[in-house]
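Examining the three-dimensional arrangement
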Amino acid sequence: MPVATPEQYAEMLDKAKAGGYALPAINASSSQSVNAILQGLTEAGSDGIIQVTTGGADYFAGHTVKGRATGAIAFAKFATEVAKNYPITVALHTDHCPKPALEDFLLPLIAASEEEVKAGRNPIFQSHMWDGSALPLDENIEIAKQLLPRMKNINAILEVEIGVVGGEEDGVKHEGSNEALYTTVADVSKFVEALGLGENGRYLAALTFGNVHGVYKPGNVKLRPELLGEIQAAIAEKFGTGPKPLDLVFHGGSGSTPEEIATAVANGVVKMNIDTDTQYAFTRSVADFMFRNYDGVLKVDGGVGNKKLYDPRAWGKVAESGMAARVVEATQLLGSAGHSISA
């Protein structure tokens, strides 16, 4: 299927929320990882979101060039073309964009989509994340408030982060008190007062409940996914809405237990970001191939090696399938397997 139209993306999110599951949002940094994600989603019969960070976009453009807007557009064009061969539906998303990256990442991409929409076509990306979590709350809100009308005009969705996800991802690093890792009702209320609840443009909210980017030993990360339900109930009461008025995103979920994921999804999470675990699955498969075929991938002791083994396509296929298997696992944990809107 082609990449989702804005209407199909909205249907994907609405169906996930109504059905009590979440869509996996998997970071890609190469054509191989795009193919692996599409393979895994197809094997699971699940829709999903393929996303790219500033660092991933830099890599797509060429690691010596670091033209992130160019790289992001190249990623989107590649994904849009190859997705046509798969029977599931995917949306394209840009992940964490902090304030220093607005001018060379997010704003040029929105402008490029504005040109596409003006020409009668769909936006290049179906959603974008503005990450103002390192800023004072009022500044975070003000920039989100400026971005939302532009997103609405191109029929795309804005993702915002309210609170702080610990750890580091692609150079975006957060350090501070543990209290900062837990979003408050007061902070969410200020966002809702400024952005509305969909009437000014649709947005996804990444609330934090102890989340940390990266992977850690058990016990090092104290998740409180029940906090999401408390915030949803408080916002519903204050603004007079139905249950779970916010569409939520789960960041920093590597190593989370199935129970923690299930609680987060039950409290309105419709999108869960996955990066560390799929990176490891990809590289672990390559390492296994190299160790098993050491004397074929290297020209040992003056030998000639085995071209069928050191051909990058040989180990590349193994890596893609290893990553795809981890994508399937993610869809099963999130409950999206077998729920493609394309079915």
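These figures come from a predicted structure and were not determined experimentally. (Residues numbered from 1 in each chain as written. Predicted model: local features only at pLDDT ≥ 70, side-chain atom pairs only at ≥ 80, totals over all residues. Heavy atoms only, no water.)

What follows covers the overall build of the protein. Scanning the protein from terminus to terminus reveals 13 helices and 10 strands. Overall, the C-alpha framework of the protein stretches about 75 × 50 × 40 Å when taken along its three principal axes. For the protein, the proportion of its 343 residues judged to be buried stands at 52%. In the protein, of all internal contacts separated by at least 6 residues, the share reaching a separation of at least 24 is 75%. Here the protein has roughly 15,000 Å² of accessible surface; of this, 53% comes from carbon and sulfur atoms. Taken as two groups, the 29 positive and 41 negative side-chain charges of the protein have centres that lie 5 Å from each other. (Helix = DSSP H or I, 4+ residues; strand = E, 2+ residues; numbered from the N terminus. Buried < 20%, exposed > 50% of the residue type's maximum accessible area, 1.4 Å probe, protein only. Contact = heavy atoms within 4.5 Å. Areas by Shrake-Rupley, 256 points an atom, 1.4 Å probe, with all protein chains shown as cover. Lys, Arg positive; Asp, Glu negative; His and termini not counted. Charge placed at Lys NZ, Arg CZ, Asp CG, Glu CD.)

Okay, the pairing of strand S8 (residues 203-207) next. In terms of burial, S8 is a largely internal element, 5 of the 5 residues being buried. The two faces of S8 match: Tyr 203, Ala 205 and Leu 207 on one face and Leu 204 and Ala 206 on the other face are all buried. In this sheet, S8 lies alongside strand S5 (residues 157-162) in parallel orientation, the contact comprising 5 bridges. Within S8, the position partnered with Leu 158 by the bridge is Tyr 203. (Pairing = 2+ DSSP bridges.)

So, about the environment of Ala 36. With respect to the secondary-structure elements, Ala 36 resides in helix H2 (residues 31-44). Of the residues examined, Ala 36 reaches a relative accessible area of 0% and is grouped as buried. Counting along the chain gives 25 residues from Ala 36 to Ala 61, while the straight-line C-alpha distance between them is 19 Å. Contact partners of Ala 36, with chain neighbours within four places excluded, come to Glu 320, Met 323 and Ala 324.

In this section: the UniProt feature "binding site: dihydroxyacetone phosphate" (unreviewed entry) in the protein. Following the UniProt record, one finds the feature "binding site: dihydroxyacetone phosphate" (unreviewed entry) at Gly 214, Gly 252, Gly 253, Ser 254, Asn 273, Ile 274, Asp 275 and Thr 276. Positionally, Ser 254 belongs in the loop between strand S9 (248-250) and helix H9 (258-266). With respect to the helices and strands, the residue Asp 275 is situated in the loop between strand S10 (269-274) and helix H10 (276-292). (UniProt positions renumbered as here; feature names shortened; annotations may be inferred.)

Moving on to the packing of H10 against helix H13 (residues 312-334). Contact pair H10 / H13: the axes reach a minimum separation of 8 Å and the direction vectors enclose 145°. You can see that H10 and H13 cross each other, and the crossing is right-handed. The segment H10 lies against H13, with Asp 277, Thr 278, Ala 281, Phe 282, Ser 285, Val 286, Phe 289 and Met 290 engaging Ala 314, Trp 315, Val 318, Ala 319, Glu 320, Gly 322, Met 323, Arg 326 and Val 327. Looking at the contact of H10 with H13 residue by residue, the classes come out as 11 nonpolar, 3 polar and 3 charged. (Axes fitted to C-alpha atoms, helices over the stretch in contact; angles between N-to-C directions. Left-handed = near helix turned anticlockwise from the far one by under 90°. Nonpolar A, V, L, I, M, F, W, Y, C, P; charged D, E, K, R; others polar.)

Turning to the pattern of salt bridges, a few remarks are in order. The full count for this structure, using the stated rule, is 19 salt bridges. For Asp 14, the salt bridge identified is with Arg 202, shortest N-O distance 2.8 Å. Highlighted residues: Asp 14 in helix H1 (residues 6-19) and Arg 202 in the loop between helix H7 (185-195) and S8, separated in sequence by 188 residues. It is possible to trace a salt-bridge network through shared partners that takes in Asp 14, Lys 17, Arg 202 and Asp 247. (Salt bridge = Lys/Arg side-chain N within 4 Å of Asp/Glu carboxyl O.)

In this structure, Phe 75 and Val 160 are the most contacted members of the largest nonpolar core, which totals 77 residues. Residues contacting Phe 75, with those up to four places away along its chain left out, are Ala 28, Val 34, Ile 50, Gln 51, Val 52, Phe 60, Leu 92 and Phe 125. Listed in part, the 16 residues of the second largest apolar core include Ala 4, Tyr 9, Leu 13 and Val 270. (Core = buried A, V, L, I, M, F, W, Y, C linked by side-chain atoms within 4.5 Å.)

Once that is clear, we can look at the packing of aromatic side chains. Applying the stated rule across the entire model yields 3 aromatic pairs. Consider the rings of Phe 75 and Phe 125, whose centres lie 6.0 Å apart with planes at 25°: the pair is stacked. With Phe 75 in helix H4 (residues 68-82) and Phe 125 in the loop between helix H5 (102-118) and strand S4 (127-130), this pair connects stretches of sequence that are 50 residues apart. Accessibility expressed as a relative area gives 1% for Phe 125, which makes it buried. A connected cluster of aromatic rings, assembled from ring pairs, spans Phe 60, Phe 75 and Phe 125. (Phe/Tyr/Trp six-rings, centres within 6.5 Å; stacked < 30°, edge-to-face > 60°.)

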